[in-house]
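The residues making up each chain are set out below.
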4 protein chains.
Amino acid sequence: MSGTTRFGVSMDAQLLENFDKLIEKKSYMNRSEAIRDLIRASLVETRAENDEEEMVGTITLVYDHHVRDLSEKLNELQHAHNDKIISALHVHLDAHNCLEVLVARGKARDVKTISNELLGVKGVKHGKLVITTTGEELQ
Amino acid sequence: MSGTTRFGVSMDAQLLENFDKLIEKKSYMNRSEAIRDLIRASLVETRAENDEEEMVGTITLVYDHHVRDLSEKLNELQHAHNDKIISALHVHLDAHNCLEVLVARGKARDVKTISNELLGVKGVKHGKLVITTTGEELQ
Amino acid sequence: MSGTTRFGVSMDAQLLENFDKLIEKKSYMNRSEAIRDLIRASLVETRAENDEEEMVGTITLVYDHHVRDLSEKLNELQHAHNDKIISALHVHLDAHNCLEVLVARGKARDVKTISNELLGVKGVKHGKLVITTTGEELQ
Amino acid sequence: MSGTTRFGVSMDAQLLENFDKLIEKKSYMNRSEAIRDLIRASLVETRAENDEEEMVGTITLVYDHHVRDLSEKLNELQHAHNDKIISALHVHLDAHNCLEVLVARGKARDVKTISNELLGVKGVKHGKLVITTTGEELQ
């Protein structure tokens, strides 16, 4: 929707100098790109506070696949939410440990509930939810 | 390494009651499991502060694949770090937007640098790094 | 509200050993105290997600008091919310910079709004809200 | 050091529209001010990752002053770090609960250690550290 627009930003020269150093450190191509990223991160964060918004979440899980019935339980939980869990990636970290990343899409509230359920399963050692965007509202 | 051990925790009855409500809300099976999860999260968090520790990171990226050369650039960056990027999952969010989750393994410092490089690419709309564990130190 | 209660927690011996190291590093007196702290932090975090709960917030602001009208604006804003802002601490960081910490009490929603208003004032260089507890629900 | 400078930022019109809504919601005066705030927050965050940088921290503590010897212990700890703890604010939340906000200044590493020590004292119900700036590097 729409084209590119341009506007001016005023800033103390010293602040801009410090920002330019940060841009270099963080490997941004230019100021506009760095500023767009800050703005988008701030939009996603604010949006995710609203439990009714449609969001995408990636759920990272680390677990020991030797724990009895664990894989089955995680699998069942994922199937129970098959309308929201889009995809999964599995990595074998070592002889015992697995990492799984699930991508879920739905209301922020539902994505958080699914994540809580998975992280609460006995045998899951660590887990974390990242709420991100469906991409639609961020040009 | 080793077996299961058991120890006593003392707590005000009211605090325990509130914790039990949280356990139910977060779908934990029992107190031990909920406490183990809090402990593991706290261990991972502390460990990740040390840039020299070996960690696993999942990097979530949302981008518009119609942006010229973007897929190529992301691909190239990943190949430049092929010793650290283990695996990738790609999801088509809609006609324009892609979500990619990469799993990277290495020193916390390196995982953060890779994540910064990828998030800094023009056209990446949103991204986030989750630092998690290799699983080894968390029984 | 009640006395002290005691319950058992089971854990892999290796996980407990790692936790004991963390306890020492973080200067906790014993395991119970460390676990109670993890539980309380988790309760406060969950509670603060509910915008209708009564919470206490501390708002940290750093600003340059030479910016024209800034002190007056911050002062006015605080007075406009005098039913919620309980107290303030002012520190002179150097010839230019002031740090102010405000303590606000009210619904999480209102505390967040007040914080946003203050942090949005031109001349405020950095600011951050910490949502904490009224203490009532945490024994 | 220095005057004000101005530069152009390009952005998709839709993204700018969404940002303008956020600006209104967060009560910012204009785009420049909102962008400066995002930049400064990002600078403070990156700087605080370096344990050797001089920073200012505000440490929020909630505790029950009826816990035996607690006030004395907190007081002693503060005096042991009197070269770094600049100031303190005390609020009586109710008959039992106190909130204390301490302002500490020093290397990020030392401010974190002081915070850990205080939060680890038995009887402290909740606590949180905010790392902010001395103001010098942020114009």
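Residues numbered from 1 in each chain as written. Chains lettered and ligands numbered in written order. Predicted model: local features only at pLDDT ≥ 70, side-chain atom pairs only at ≥ 80, totals over all residues. Heavy atoms only, no water.

Q: Got a minute to help me understand the overall build of chain A in this structure?
A: Helix and strand counts for chain A stand at four helices and five strands. In chain A, the succession of α and β elements from N to C terminus is β-α-α-β-α-β-β-α-β. Taking 139 residues into account, the globule formula puts the C-alpha radius of gyration at 14 Å, and chain A, at 20 Å, lies well above it. Dimensions along the principal axes, computed over C-alpha positions, put chain A at roughly 60 × 35 × 20 Å. Residues counted as buried form 55% of the 139 residues belonging to chain A. Within chain A, contacts between residues at least 6 apart in sequence are counted, and of these 69% link residues at least 24 apart. About 6100 Å² of surface is accessible on chain A, with carbon and sulfur atoms providing 47% of the total. Taking the average place of the 18 positive charges on the side chains of chain A and the average place of its 23 negative ones, the gap between the two points comes to 2 Å. (Helix = DSSP H or I, 4+ residues; strand = E, 2+ residues; numbered from the N terminus. Rg over C-alpha atoms; globule rule 2.2 N^0.38 Å. Buried < 20%, exposed > 50% of the residue type's maximum accessible area, 1.4 Å probe, protein only. Contact = heavy atoms within 4.5 Å. Areas by Shrake-Rupley, 256 points an atom, 1.4 Å probe, with all protein chains shown as cover. Lys, Arg positive; Asp, Glu negative; His and termini not counted. Charge placed at Lys NZ, Arg CZ, Asp CG, Glu CD.)

Q: Looking at this structure, I do not really get the arrangement of the chains. What am I missing?
A: Separated without contact, chain A and chain C have their nearest C-alpha atoms at a distance of 8 Å. Left apart from each other, chain B and chain D have a closest C-alpha approach of 8 Å.

Q: Before we go on, may I ask you to explain the sheet that holds strand 5 (residues 124-132) of chain D in this structure?
A: Strand pairing in a sheet is mediated by backbone hydrogen bonds. Such pairs are either parallel or antiparallel. Residues and elements named next belong to chain D. Spatially, the four strands line up as an open sheet ordered 3-4-2-5, and their pairing is antiparallel. Sheet topology places strand 3 (85-92) and strand 5 at the edges, where each strand pairs with a single neighbour. Each strand of the sheet is rotated relative to its neighbour by a mean of 15 degrees, with strand direction disregarded. Alignment of strand 3 against strand 4 (residues 97-107), held across seven bridges, turns out to be antiparallel. (Pairing = 2+ DSSP bridges. Axes fitted to C-alpha atoms, helices over the stretch in contact; angles between N-to-C directions.)

Q: Would you take a moment to explain the relation of the copies chain A and chain B for this structure?
A: In summary, the two copies of the chain are related to each other by a rotation about an axis coupled with a shift along it. Here chain A sits on chain B after a turn of 180 degrees about the axis and a move of 0.0 Å along it, with an RMSD of 0.0 Å. Here the copies are linked by what is in effect a two-fold axis. Proximity to the rotation axis, assessed at the C-alpha, singles out Leu 89 of chain A in chain A; its C-alpha lies 3.0 Å from the axis. (Least-squares fit on C-alpha atoms with pLDDT ≥ 70 in both.)

Q: How should I be thinking about the side chain of Thr 60 of chain C in this particular structure?
A: Within the secondary structure layout, Thr 60 of chain C lies in strand 2 (residues 54-64). Here Thr 60 of chain C falls in the buried class, since its relative accessible area comes to 2%. Within the structure, Thr 60 of chain C has its side chain in polar contact with the side chain of Thr 58 of chain D (distance 2.8 Å). Not counting the four nearest positions on each side in its chain, Thr 60 of chain C is found in contact with Leu 99, Glu 100, Val 101, His 126, Gly 127 and Lys 128 of chain C together with Thr 58, Val 130 and Thr 132 of chain D. (Polar contact = N/O pair within 3.5 Å; in protein donor to acceptor, adjacent residues only side chain to side chain.)

Q: Sorry if this is basic, but what is going on with the relation of the copies chain D and chain C here?
A: Of the transformation placing chain D onto chain C, the axial shift is 0.0 Å and the rotation is 180 degrees, giving an RMSD of 0.0 Å. Mapped onto chain C, 100% of the interface residues of chain D again fall at the interface, so both copies present the same surface.

Q: In this structure, what is going on with the interface of chain D and chain C? I would like to understand it.
A: A common way to state how big an interface is: give the accessible area lost once the parts meet. Listed as interface residues are 46 residues of chain D and, on the opposing side, 46 residues of chain C. Carbon and sulfur atoms make up 59% of the surface buried where chain D meets chain C, a total of about 3600 Å² over both sides. Counting the contacts that link chain D with chain C gives 10 residue pairs in polar contact (both at pLDDT 80 or more). Among the elements of the structure, helix 2 (31-48), strand 2 (54-64), strand 3, strand 4, helix 4 (108-119) and strand 5 of chain D are those that each provide at least two residues to the side of chain D that touches chain C. Ranked by the residues each element gives to the side of chain D that touches chain C, the list is headed by strand 5 of chain D, at seven residues. Class assignment for the residues of the side of chain D that touches chain C results in 20 nonpolar, 14 polar and 12 charged. (Buried area = accessible area lost by both parts, 1.4 Å probe. Nonpolar A, V, L, I, M, F, W, Y, C, P; charged D, E, K, R; others polar.)

Q: Looking at this structure, I do not really get the interface of chain A and chain B. What am I missing?
A: In this assembly, 46 residues from chain A lie in contact with 46 residues from chain B. Buried area between chain A and chain B, both sides added, is near 3600 Å², and the carbon and sulfur share of it is 59%. Among the residues of chain A in contact with chain B, Leu 89, Lys 125 and His 126 of chain A are the three that bury the most area, contributing 16% of the side total. Along the contact surface separating chain A from chain B lie zero salt bridges. For the interface between chain A and chain B, the tally reads 10 residue pairs in polar contact (both at pLDDT 80 or more). Of all the elements in the fold, those that place two or more residues in the side of chain A that touches chain B are helix 2 (31-48), strand 2 (54-64), strand 3 (85-92), strand 4 (97-107), helix 4 (108-119) and strand 5 (124-132) of chain A. Sorting elements by how many residues they give to the side of chain A that touches chain B places strand 5 of chain A first, with seven residues. Residues that form the side of chain A that touches chain B fall into these classes: 20 nonpolar, 14 polar and 12 charged. (Salt bridge = Lys/Arg side-chain N within 4 Å of Asp/Glu carboxyl O.)

Q: Explain the packing of aromatic side chains here, please?
A: Each aromatic ring pair is characterised by the separation of its centres together with the angle its planes make. Inspection of every chain in the model, using the stated rule, returns zero aromatic pairs over all chains. Over the ring of Phe 7 of chain B we find Arg 31 of chain C, and its NZ or CZ is 4.8 Å from the ring centre. (Phe/Tyr/Trp six-rings, centres within 6.5 Å; stacked < 30°, edge-to-face > 60°. Lys NZ or Arg CZ within 6 Å of the ring centre and 35° of its normal.)

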